[in-house]
Amino acid sequence: MELITILNRCHRFRGFVYQHAHFSADKKSIEVAVRPRKGSAAVCSRCHLPAPGYDQLAERRFEFIPLWGFLVFLLYTMRRVKCRRCGIVAVEEVPWGAGKRTLTKAYMLFLARWARRLSWKETAEAFRTSWDKVFDAVEHVVTFGLEHRVLGQIDAIGVDEIQHAKGHKYLTLVYQIDLDVTRLLWVGRERTIESFRGFFTVIGDELASKLVFVCSDMWEPYLKVIREKCSEALHILDRFHIVAKMNKALDEVRAGESRRIASEGGVPVLKKSRWLLLKREENLKTEQRFRLRDLLRYNLKTVRAYLLKEAFQQLWDYNSPAWAGKFLDDWCRQVMRSRIEPMKNIARSLRQHRELILNYFRAQKLLSSGVVESLNNKAKVTMRKSYGFRTFRCLELALYHSLGKLPEPESTHEFF
């Protein structure tokens with residue numbers, strides 16, 4: 001079977017003919033000459049309609065998917081057309097290429113699919129191409145996907161930030177977290193009010209007004225924009241961030257008390273106890289359980305803070321917002337009498353955001369930011385595969401490509 005026959009089977013285009021195929025002079029690549037079919041008119045790249053010919057340009061090389069370890073190039077002499085509708089002389093549009101890119105659309109889709117599985121550098125090395133070409137391929141596929149993405153009805157969104165570089169540099173990520181659809185909707189620089197407003201500019205006021213649920217943490221810029229843009233939605237405060245803040249407060253109490261005991265020359269009972277206190281009891285090993293039991297016998301602020309933290313977990317067992325609210329109020333009163341300042345700060349914060357916390361129960365516990373945390377972990381894996389992206393544009397493309405579930409350009413053949 002000849003190569004021309006294979007190409008006509010998997011990558012055929014109306015109005016063009018594969019003329020012949022031969023090895024290059026160095027025998028390291030295969031060159032396939034392409035010519036226009038007799039009588040076929042060139043297509044204007046501006047208006048995408050047939051136009052009369054004007055002249056020809058120099059021959060161009062378009063890189064195709066490698067075959068049996070050989071690089072493959074399509075050779076074609078581009079025509080220029082004199083388009084009366086556009087009033088200009090323009091280069092013709094070819095169905096296998098996009099603009100001035102030297103890669104064929106099929107090869108860009110091929111590279112982009114591999115770039116979702118491997119890092120961009122590994123993809124470039126595997127197919128003997130450059131990192132820049134892999135970037136171009138991903139950019140082409142993501143740009144197409146965003147232009148052809150159908151947002152449809154969005155019932156629930158989750159917003160969170162992830163750190164992408166040293167120096168407190170964050171991204172704002174907005175996900176669709178409907179029960180049947182989870183995907184990345186938007187990536188923004190930093191975690192500011194202006195950044196988050198950019199998401200609502202993208203989806204428009206109509207879609208924003210139809211949101212039913214919004215999940216977020218207690219970051220004030222997010223809370224302000226949510227009140228401003230989708231006040232009718234049920235705003236659910238992220239339970240995972242609440243627990244994380246409580247663990248941070250407990251660790252602050254432990255560290256402070258451990259330093260005090262050391263300065264007074266006491267027995268270092270809190271030494272190497274950090275994870276005993278921060279882990280859930282059911283996740284402790286047998287040896288750790290015995291150590292924790294011994295530690296709880298001491299009358300320490302750290303022990304009292306730990307018991308308050310464990311008691312708070314009962315909140316999530318309630319189904320009724322009213323009973324959950326009563327428990328939350330009682331717990332906050334108990335903490336305010338404890339004279340443990342970091343825990344009192346947590347109680348003040350919970351009182352301030354009481355209604356947002358209870359919205360979790362009003363939503364019948366169907367939605368939480370657990371889905372958001374899962375997607376955040378996938379986003380971190382995407383960044384870790386490349387050991388970090390140098391620019392925001394690269395990071396944005398990689399995240400949309402991995403998590404956006406974007407539509408892809410049509411292909412004449414499914415190349416695996």
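Above this text sits the structure in question.
Residues numbered from 1 in each chain as written. Predicted model: local features only at pLDDT ≥ 70, side-chain atom pairs only at ≥ 80, totals over all residues. Heavy atoms only, no water.

1. A few points about the overall build of the protein chain
A tally of helices and strands in the protein chain yields 15 helices and 12 strands. Computed over its C-alpha atoms, the radius of gyration of the protein chain comes to 30 Å, more than 25% above the 22 Å expected for a compact globule of 416 residues. In terms of overall dimensions, the protein chain has C-alpha extents of about 90 × 50 × 35 Å along its principal axes. Scored against the burial criterion, the 416 residues of the protein chain give a buried share of 47%. Taking the intrachain contacts of the protein chain between residues at least 6 apart in sequence as the baseline, contacts between residues at least 24 apart amount to 59%. Looking at the protein chain as shown, the accessible area adds up to about 22,900 Å², and 52% of this sits on carbon and sulfur atoms. (Helix = DSSP H or I, 4+ residues; strand = E, 2+ residues; numbered from the N terminus. Rg over C-alpha atoms; globule rule 2.2 N^0.38 Å. Buried < 20%, exposed > 50% of the residue type's maximum accessible area, 1.4 Å probe, protein only. Contact = heavy atoms within 4.5 Å. Areas by Shrake-Rupley, 256 points an atom, 1.4 Å probe, with all protein chains shown as cover.)

2. Thoughts on helix H1 (residues 3–10)
For H1, the set of buried residues is Leu3, Ile4, Leu7 and Cys10. In an axial view of H1, the angular spread of the buried residues amounts to 145 degrees, which keeps them on one side of the axis. The inward-facing, buried residues of H1 contact strand S1 (16–23), strand S2 (29–36) and strand S5 (53–67). (Arc of directions from axis to C-beta.)

3. Remarks on the layout of surface pockets
Its volume calculated, the largest pocket comes out at about 530 Å³. Asp160, Glu161, Asp217, His241 and Ala244 are the residues nearest the centre of the largest pocket, which is lined by 20 residues in total. Those elements that place two or more of their residues in the lining of the largest pocket are strand S8 (156–165), helix H7 (239–263) and helix H14 (370–385). Per-element tally for the lining of the largest pocket: the top contributor is S8, with 6 residues. Its residues placed into classes, the lining of the largest pocket shows 7 nonpolar, 5 polar and 8 charged. (1 Å grid on protein atoms, 1.4 Å probe; cavity = no way out; pocket = protein on both sides within 12 Å on 5 of 7 lines; lining within 4 Å. Points joined across faces, edges and corners; volume = space filled by probe spheres on them. Nonpolar A, V, L, I, M, F, W, Y, C, P; charged D, E, K, R; others polar.)

4. Notes on the pairing of S5
Both S5 and strand S6 (residues 70–83) contribute to a ladder of 10 bridges, which runs antiparallel. By the bridge assignment for S6, Arg60 is matched with Tyr76. Joining the antiparallel neighbours S5 and S6 is a turn of 2 residues, in which Trp68 adopts a positive phi near 55 degrees. (Pairing = 2+ DSSP bridges.)

5. Side note on the packing of aromatic side chains
Two descriptors summarise a pair of aromatic rings, namely the distance from one centre to the other and the angle between the planes of the rings. According to the stated counting rule, one finds 23 aromatic pairs in the structure shown. Between Trp186 and Phe199, the ring centres sit 6.3 Å apart and the planes meet at 55 degrees, which makes this aromatic pair tilted. On the criterion of sequence distance, the pair formed by Trp186 in strand S10 (residues 182–189) and Phe199 in helix H5 (residues 193–209) is long-range, its members being 13 residues apart. We note that Trp186, like Phe199, is buried. Ring plane angle 75 degrees and centroid distance 5.2 Å describe the contact between Tyr360 and Phe361, whose orientation is recorded as edge-to-face. Exposure remark for Tyr360: the relative accessible area of 6% places this residue in the buried category. (Phe/Tyr/Trp six-rings, centres within 6.5 Å; stacked < 30°, edge-to-face > 60°.)

6. Description of a positive patch on the surface
On the surface, a cluster of positive charge is contributed by Arg12, Arg35, Arg37 and Lys38. Judged by its relative accessible area of 54%, Arg12 falls in the exposed class. (Patch = residues over 30% accessible without salt bridge, like charges linked within 9 Å, V, L, I, M, F, W, Y side chains within 5 Å. Salt bridge = Lys/Arg side-chain N within 4 Å of Asp/Glu carboxyl O. Lys, Arg positive; Asp, Glu negative; His and termini not counted. Charge placed at Lys NZ, Arg CZ, Asp CG, Glu CD.)

7. Brief notes about H14
For H14, spanning 16 residues, the distance from its first C-alpha to its last is 23 Å, which sits close to the expected 22 Å at 1.5 Å a residue. Taken together, the buried positions of H14 are occupied by Val372, Leu375, Asn376, Ala379, Thr382 and Met383. The buried side chains of H14 occupy one side of the element, clustering within an arc of 110 degrees when seen end-on. (Expected span 1.5 Å × (residues − 1).)

8. As for the nonpolar core
Within the largest apolar cluster, 93 residues are counted, with the highest numbers of intra-cluster contacts made by Trp120, Trp331 and Leu350. Considering every element that reaches this core, the biggest residue donor is helix H15 (residues 392–403), with 8 residues. In this structure Trp331 touches Met246, Leu308, Ala311, Phe312, Met343, Ile346, Ala347 and Leu350, once residues within four positions along its chain are discounted. One finds Ile65, Val72, Met108 and Leu111 within the second-largest nonpolar core, a separate group that totals 28 residues. (Core = buried A, V, L, I, M, F, W, Y, C linked by side-chain atoms within 4.5 Å.)

9. So, unusual backbone geometry
In this model, Lys27 sits at a positive phi of 65 degrees, which is unusual for a non-glycine residue. Locating Lys27 in the fold gives a position in the loop between S1 and S2. Residue classification places Lys27 among the exposed positions, given a relative accessible area of 56%. You will see that Glu190, though not glycine, has its phi angle at about 60 degrees, which is positive. In this structure, Glu190 sits in the loop between S10 and H5.

10. Examining the environment of Thr5
With respect to the helices, strands and loops of the structure, Thr5 is situated in helix H1. Sequence separation between Thr5 and Tyr18 is 13 residues; the distance between their C-alpha atoms is 9.1 Å.

11. Looking at empty space enclosed by the protein
Under the definition given, this model contains 3 cavities of 30 Å³ or more. Per element, the largest residue contribution to the lining of the largest cavity is 3 residues, and it comes from H15. Classifying every residue of the lining of the largest cavity by side-chain character gives 5 nonpolar, 5 polar and 2 charged. Taken as a whole, the second largest cavity encloses approximately 70 Å³ of empty space.

12. A look at the pattern of salt bridges
All told, the structure shown has 29 salt bridges when counted by the stated rule. Taken together, the salt bridges that share partners define one network made up of Arg101, Glu139, Arg393 and Glu396.

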